[in-house]
Amino acid sequence: MQSVNKSLILGFVIIILIGVGLLIGGIVHLDSKKNLIETEGYVVSIYTRIGDDGFKEYKPSALRYFVDGVAYETSSVRWFKQPIQMGDTMTVWYKKDNPRETVISNVSNETMSLALMGFGGVLIVAGIALICKYLYDVKRRKKV
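Now for a look at the structure at hand. (Residues numbered from 1 in each chain as written. Predicted model: local features only at pLDDT ≥ 70, side-chain atom pairs only at ≥ 80, totals over all residues. Heavy atoms only, no water.)

Some thoughts on a nonpolar patch on the surface
We apply this condition: What makes a patch is a set of residues exposed beyond 30% relative accessible area and free of salt bridges, joined within 9 Å when like-charged and within 5 Å when nonpolar (Val, Leu, Ile, Met, Phe, Trp, Tyr). Per-residue and other accessible areas were derived by the Shrake-Rupley procedure at a 1.4 Å probe size, with only the shown protein chains allowed to occlude residues. When a carboxyl oxygen of Asp or Glu is within 4 Å of a side-chain nitrogen of Lys or Arg, the pair counts as a salt bridge. Helix numbering and strand numbering both begin at the N terminus, where a helix is a DSSP run of H or I of at least 4 residues and a strand a DSSP run of E of at least 2.
A surface patch of nonpolar side chains, amounting to about 440 Å² of accessible area, comprises L10, V13, I14, L17 and I18. Its place among the elements puts L10 in helix α1 (residues 6-32).

Okay, structure coming up:
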């Protein structure tokens with residue numbers, strides 16, 4: 001007669017909890033952008049450097065974007081691996097009540113949120129399926 005391996009069940013529960021965390025993270029990420037408006041910014045200045053891995057990295061030091069006909073400039077704090085050139089467009093999110101406060105990304109808001117929620121959902125389903133399969137196998141072996 002085989003008993004239930006509690007360590008294995010705990011591992012499956014941890015997988016489920018990681019999935020729940022990613023799902024919640026995706027929802028929070030999506031919700032955090034509710035007060036932001038998306039627009040296109042144009043690269044007007046670029047920094048380049050050689051990263052720790054030996055490859056060239058790019059950082060838009062100035063992005064110009066327009067809100068209600070008024071031009072604003074912002075800069076990125078992030079370095080990017082893909083080449084960036086003058087005039088390239090990047091997504092800029094600005095606060096409704098203060099267009100000078102921005103978030104810059106080359107990934108759309110929905111893409112990142114959906115990726116987090118999708119991967120979280122997969123982990124939740126996989127964890128539950130593994131627990132059910134394991135418990136079914138244990139129950140079946142007890143009958144033999």
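Moving on, there is more to tell.
Considerations on the pattern of salt bridges
Any two side chains of opposite charge can pair, so long as their charged atoms come close to each other. Applied cut-off: Using a 1.4 Å probe on the protein chains alone, a residue whose accessible area is under 20% of its type maximum counts as buried, one over 50% counts as exposed, and one in between counts as partly exposed.
The final tally for this structure, using the stated rule, is six salt bridges. The residue E57 makes a salt bridge to R49 at a minimum N-O spacing of 2.6 Å. Taking relative accessible area as the criterion, R49 reaches 37% and is therefore assigned partly exposed. K95 is the partner of E101 in a salt bridge, and the nearest nitrogen-oxygen pair spans 3.1 Å. For E101, a relative accessible area of 37% puts it in the partly exposed group.

Quick look at α1
Inclusion rule: Expected span of a helix: the number of residues minus one, times 1.5 Å. Polar contacts here mean pairs of N or O atoms no more than 3.5 Å apart (in protein, one a potential hydrogen donor and the other a potential acceptor; neighbouring residues in sequence count only if both atoms are side-chain atoms).
Between its first and last C-alpha, α1 extends 38 Å over 27 residues, near the 39 Å set by a 1.5 Å rise per residue. For α1, every residue scored as buried is listed here: I9, F12, I16, G19 and G26. Its side-chain oxygen at 3.1 Å from the backbone nitrogen of S7, N5 defines the N-terminal cap of α1.

A few points about the packing of aromatic side chains
Where two aromatic rings form a pair, the distance of their centres and the angle of their planes describe that pair. Operational definition: Ring pairs shown here join Phe, Tyr and Trp side chains whose ring centres sit within 6.5 Å, with only the six-membered ring taken for Trp; geometry is labelled stacked below 30 degrees between planes, edge-to-face above 60, and tilted in between.
One pass over the full model with this rule turns up three aromatic pairs. Both rings, one in Y65 and one in Y72, keep their centres 5.6 Å apart while their planes meet at 20 degrees; by these two values the pair is stacked. Residues Y65 and Y72 agree in their burial class; the two are buried. For the pair Y65 and Y94, a centre-to-centre distance of 6.3 Å together with 20 degrees between the ring planes defines the contact as stacked.

Notes on the nonpolar core
To be explicit about the condition: Nonpolar core, defined: a set of buried Ala, Val, Leu, Ile, Met, Phe, Trp, Tyr and Cys residues in which side-chain atoms within 4.5 Å join the residues together.
Core analysis: the largest hydrophobic core is formed by 12 residues, namely V43, Y58, L63, Y65, V67, Y72, F80, I84, M90, V92, Y94 and I104. Elements with a minimum of two residues in this core: β2 (56-67) and β4 (89-95). Here the element with the most residues in this core is β2; it accounts for four residues. Within the second largest apolar cluster, six residues are counted, among which are I9, I16, Y134 and V138.

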